[in-house]
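A look at the structure
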Amino acid sequence: MAGVAHVIVDVRTRQLDRPFDYAIPPRWQGRLAPGHRVYVPFGRQYCQGYVLSIDETASGPAKTLKPILAVLDEIPLFTPELLQLHEFVRDRTLCTHLEALQSMIPGAYRAHSVRRYRAVPGDPPALLSAAAERLWQELAARPQAFEPLVRKFGPDAALLLELWLSSGHVEERVEAEDAVRAQVVTVLVPSADAQTLQAAAAARARRAKKQAVLLTALARDKEVRLREAGIRPSDPAVQALVEQGLAVLQQQEVYRAPVAAALREHQPKRELTPAQAAALRAILQAMAAAAGQGVVLHGVTGSGKTEVYLQAIEACLAEGGGAIALVPEIALTPQMVGRFTSRFGQRVAVLHSGLSAGERRDEWLRVRRGEARVVVGARSAIFAPVEQLRLVVVDEAHESSYKQEERPHYDAREIAGWRARHNHAAVVYGSATPSMELLHAAEQGKLTWVSMPFRIENRPMPAVTIVDMREALRQGSRGLFSEALIHGLEAAVEQGQQALLFLNRRGYAAFVLCRGCGESVQCPNCDISLTLHRHGGEEWLQCHYCEYRQAVPEVCERCGEPAVRPFGVGTQQVEHALHERWPHWRVLRMDVDTTRRKGAHREAVERVLNGEVDVLLGTQMIAKGLDFPNVSFVGVIAADTMLNLPDFRAAERTFSLLTQVIGRAGRAEIAGQTVIQTYRPDHYAIQAAARHDFAAFYQTEQAYRQAFQYPPYCELAVFFASHEQESYARGAAARFERELRRLVAAPDAVVLPAAPSGIRRAKGQYRFQVVVKYSQWNRVKNAFASSYAAVSERMRKLGGSCSLDVNALHI
Ligand SMILES: Nc1ncnc2c1ncn2[C@@H]1O[C@H](COP(=O)(O)OP(=O)(O)OP(=O)(O)O)[C@@H](O)[C@H]1O
Ligand SMILES: [Zn+2]
Ligand SMILES: [Zn+2]
């Protein structure tokens, strides 16, 4: 009886998207389990693979099967739950086994192969040169990997190794090595009891002081981490203790601790307000029901949602359960992470893209080993291997960053629902502006709706003034700041409070335009205008899509007029205008351009909290989730930038973003004032946000979505084809459309005609798309899968690429 493992190999081709059979070598039998990561031969190469299932009883043909070469981890990386979940992800997003599996684990767990050489005991080969002699000595000492040998001895080493391999003097082994491995430290541990150690220490107190110190430390702490103690393993004192049998040297694994992104903000546990207590009760009930129930927590900005999450998780831990809390792009929410880590300490693991690969690996491993029971993280943390999961919290549940834009196109909110059902747990979707989808699901009775309609201590919502910029323009004002905005800023800063200025566009100006002929300067690779940047005395044009840069032309490239002028305002321009007008104010700008460096975001938040900033100016990243008690004024420079995007969610996004940014004002003792500048003061999204009137916005928006059949009244799928040549991209989209129309029809699906994407060309690739509206994924998924297969492979051979985003947020 041999046993066969069904393995998904790490080779990226759609045709290989099935398990392959491998023989389980005798020494792994009974130990190998589904979810284990293994190392296998495949074709003429070696690669890592994931065991999907095992057939212990299989025999016969197993003889001819290739064997598993190694098992890469002590425990299977994938729990049985995650293996099941990968099937769901595959089914829901039409991705491959490999894509689904790899999206669940940290990138550090990607092994590559290392070839290692070992001298075969016995007579050495003829050593004809000094170099050969040295190489042989090196190999005789211990096995060596190929790359370092060649680096050390030059290309001749490769020839010699070939020669010795064929003469049988050297053996070769292929081993797997992870991209990022465990961090190990050398520790000295006692091999005698405390009494013996103390006696030995006393005996050496005079003659061998260093040994005595080490022995005392060993008796007390049971180990000495040598690097921390500033002692080398080769130190004579260490060696002496080892030789005398009093201690041994060991390699010990240590976790890398991620601290960079979190703020040490300790917040004591609070007495809940009645609204918070009611919300907590609803969550605990959902947990107790053990039926995978979902709760929408609709709490206005500053209503104290975080405290409710923290206490729900505490209850969950008290019952021995685990929890996952998702936050959007965690690097942007250092306060949230800080509140979790200061409340739960070592029981929390933090997982997000701001960590180094090593930190992420170690945090993940702490979860897998059951040492951390609470996970706080961004989108992919929804796959954290938390066992006995009782609660999933999705904070700011309306955020589009929960949807993965690349393959596999999963939505973490949906995965949260799956995991809650699978574990008989509960899921909470918290937001000040729940999405239309959440509202719809609640109306259909699929989710429970809980409201916290007031701020903590009944603090008032900020007062909002809408400024009609058309009016200001008519009255001859050309400045960036209206009278009301200037007044609000000055009032706040003069009273020692802080102000926040929001503008959703980075750079200096939106684009440059020739006044002679009306032409703007376009990116050569993309179908969009270049953005003007001005910083540190320099000026350049930059593409926000592909990062292409060029100088600002002095004359128009089309008509030759020296009339190229900037249009549209960006954050750099606002920063400049603030400096001009109020030179003594301390202004901090926060956008993608100022926060690229690791930790930059946390530092900025800290500076605001420490009162080192008068005006915080920035894009989306200052609009959400931050809790600054001293901010009394919020100004929105231009509310229309988001409204004008060609997206059916533009109104919802505007409403949500304005509500969030207004909500940053007046969160503590001081009352909040806000000013919104806009060219469309009557738009329902702006009006509703200004009046804090959720119901009004939702009613209008719902009617519109229903009339035009947009989500939540259907789902959208977008097929994308891109190619350097326009005709290929168009052709692939047309073919997909044709295939799909052949297989599905209304009412199951409405297939819209193939058309160029919003940005027709990006990064040198033409892009065409097909949008499909459907209502039940199960009724259309097979048609999608086969239409996609009919197009994608051919497109890949032509040097282009395709993608299919189902349950898409945008078109
Ligand atoms: N029960 C309580 N008593 C006193 N203060 C509280 C209580 N609960 C929360 N707070 C404080 O109220 C403030 C706002 O809470 P929190 O940041 O959780 O708001 P939120 O609901 O998440 O709002 P937003 O959606 O705007 O992020 C915080 O400073 C928090 O410490
Ligand atoms: Zn011109
Ligand atoms: Zn570009």
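Residues numbered from 1 in each chain as written. Chains lettered and ligands numbered in written order. Predicted model: local features only at pLDDT ≥ 70, side-chain atom pairs only at ≥ 80, totals over all residues. Heavy atoms only, no water.

1. Quick word on the coordination of the zinc ion (ligand 3)
For the zinc ion (ligand 3), the full set of protein donor atoms is Cys523 (SG), Cys526 (SG), Cys543 (SG) and Cys546 (SG), and the range of their distances to it is 2.3 to 2.4 Å. For the zinc ion (ligand 3), the four donor atoms in the first shell make angles of 104 to 112° at the metal, so the coordination geometry reads as tetrahedral. Spacing between the donor residues of the zinc ion (ligand 3) along the chain follows C-x2-C-x16-C-x2-C. Judged by its relative accessible area of 2%, cysteine 526 is buried. (Donors = N, O, S within 2.8 Å, 3.2 Å for Na, K, Ca; no water. Tetrahedral: all angles 85-135°; square planar, octahedral: opposite > 155°, others 65-115°. Buried < 20%, exposed > 50% of the residue type's maximum accessible area, 1.4 Å probe, protein only.)

2. Examining the site of ligand 1
Lining the immediate environment of ligand 1, one finds 21 residues, of which Glu271, Lys305, Thr306, Asp627 and Arg667 sit closest. Within the contact set of ligand 1, an oxygen atom lies 2.8 Å away from a side-chain nitrogen or oxygen of arginine 270. Here glutamine 276 contributes a side-chain N or O atom positioned 2.8 Å from a nitrogen atom of ligand 1. Across the complex, the protein chains shield 90% of the 640 Å² of accessible surface that ligand 1 would expose by itself. Here the shell around ligand 1 takes three residues from helix H11 (residues 305-318), the largest share from any one element. Residues of the shell around ligand 1, tallied by class, amount to three nonpolar, nine polar and nine charged. (Near = heavy atom within 4 Å. Polar contact = N/O pair within 3.5 Å; in protein donor to acceptor, adjacent residues only side chain to side chain. Areas by Shrake-Rupley, 256 points an atom, 1.4 Å probe, with all protein chains shown as cover. Helix = DSSP H or I, 4+ residues; strand = E, 2+ residues; numbered from the N terminus. Nonpolar A, V, L, I, M, F, W, Y, C, P; charged D, E, K, R; others polar.)

3. Notes on the sheet that holds strand E27 (residues 615-618)
Sheet architecture is open: six strands sit in the order E19-E29-E28-E20-E27-E26, paired in parallel fashion. A single partner strand is all that each edge strand has here, and the edge strands are strand E19 (463-468) and strand E26 (587-590). Within the sheet, the average angular offset between the axes of one strand and its neighbour, ignoring direction, is 15°. Pairing between strand E20 (residues 498-502) and strand E28 (residues 631-636): five bridges, direction parallel. Within the sheet, the bridge partner assigned to alanine 499 lies in E28 and is phenylalanine 633. Sheet strands in contact with helix H19 (residues 600-609) are E20, E26 and E27, and its direction is about 150° off that of E26. (Pairing = 2+ DSSP bridges. Axes fitted to C-alpha atoms, helices over the stretch in contact; angles between N-to-C directions. Contact = heavy atoms within 4.5 Å.)

4. Comments concerning the coordination of the zinc ion (ligand 2)
Coordination of the zinc ion (ligand 2) by the protein involves Cys514 (SG), Cys517 (SG), Cys556 (SG) and Cys559 (SG), with metal-donor separations of 2.3 to 2.4 Å. Each of the four donor atoms bound to the zinc ion (ligand 2) contributes to angles spanning 105 to 114°, and the resulting shape is tetrahedral. In terms of primary sequence, the donors binding the zinc ion (ligand 2) are separated according to C-x2-C-x38-C-x2-C.

5. As for the environment of alanine 755
Tracing the backbone shows alanine 755 in strand E32 (residues 755-762). Look past the residues within four positions of alanine 755 in its chain and what remains in contact with it is Phe768 and Gln769.

6. Considering the UniProt feature "binding site: Zn(2+) 2" (unreviewed entry) in the chain
The feature "binding site: Zn(2+) 2" (unreviewed entry), as given by UniProt, occupies Cys523, Cys526, Cys543 and Cys546 in the numbering adopted here. These annotated residues cover 24 residues of sequence, and their C-alpha atoms lie no more than 8.7 Å from one another, placing them together at a single site. Once residues lying within four places of it in the same chain are set aside, the contact partners of cysteine 526 are Cys543, Tyr545, Cys546, Arg761, Ala762 and Lys763. Within the element layout of this structure, cysteine 546 appears in the loop between strand E23 (538-542) and strand E24 (549-550). For cysteine 546, a relative accessible area of 22% translates into the label partly exposed. Once you skip the residues sitting within four places of it in the chain, cysteine 546 turns out to touch Cys523, Asn525, Cys526 and Lys763. (UniProt positions renumbered as here; feature names shortened; annotations may be inferred.)

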